[in-house]
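Each chain, written out:
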Amino acid sequence: MDRRTACLHQADAFREKALADPEHHDEWIDEAIKWLERAMEASCRAVVTIESEDTGTIARPATDRQALR
């Protein structure tokens, strides 16, 4: 099981606790929200950008370079 799925399961468990325990409903919902946020973080992917040393030159895609040979 991946981290995102595990967090979603935890959030669901706290939601169930909120339904079963009306006296502490808000506390359980707050916990469920925390786990949903963790699930969202786990599903995000890092974006990496790389700058060329020579910003004036635009590199052609590899397919174009191969076609020119």
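We now turn to the structure provided with this report. (Residues numbered from 1 in each chain as written. Predicted model: local features only at pLDDT ≥ 70, side-chain atom pairs only at ≥ 80, totals over all residues. Heavy atoms only, no water.)

**What about helix α2 (residues 25-43)?**
Inference 1: With 19 residues, α2 should cover 27 Å at 1.5 Å per step; its first-to-last C-alpha distance of 27 Å lies within 8% of that length.
Inference 2: Among the residues of α2, A32, W35 and A39 are the ones counted as buried. Buried positions in α2, seen along its axis, are confined to an arc of 65 degrees and lie on one side of it. Summarising the geometry of α2, the exposed residues directed more than 90 degrees from the buried face are D26, E27, M40 and E41.
Inference 3: Contacts made by the buried residues of α2 are with α1 (3-20). (Helix = DSSP H or I, 4+ residues; strand = E, 2+ residues; numbered from the N terminus. Expected span 1.5 Å × (residues − 1). Buried < 20%, exposed > 50% of the residue type's maximum accessible area, 1.4 Å probe, protein only. Arc of directions from axis to C-beta. Contact = heavy atoms within 4.5 Å.)

**Describing the pattern of salt bridges**
Inference 1: Overall, the coordinates contain 3 salt bridges when judged by the stated rule.
Inference 2: With its nearest N and O atoms 3.0 Å apart, the salt bridge here joins D12 to R15. On the criterion of helical spacing, the pair formed by D12 and R15 is a turn pair, its members being 3 residues apart in helix α1.
Inference 3: Linking R15 and E16 is a salt bridge whose minimum nitrogen-to-oxygen distance equals 3.0 Å.
Inference 4: Classification of R15 as partly exposed rests on a relative accessible area of 39%.
Inference 5: Here the residues in one salt-bridge network are D12, R15 and E16, joined through shared partners. (Salt bridge = Lys/Arg side-chain N within 4 Å of Asp/Glu carboxyl O.)

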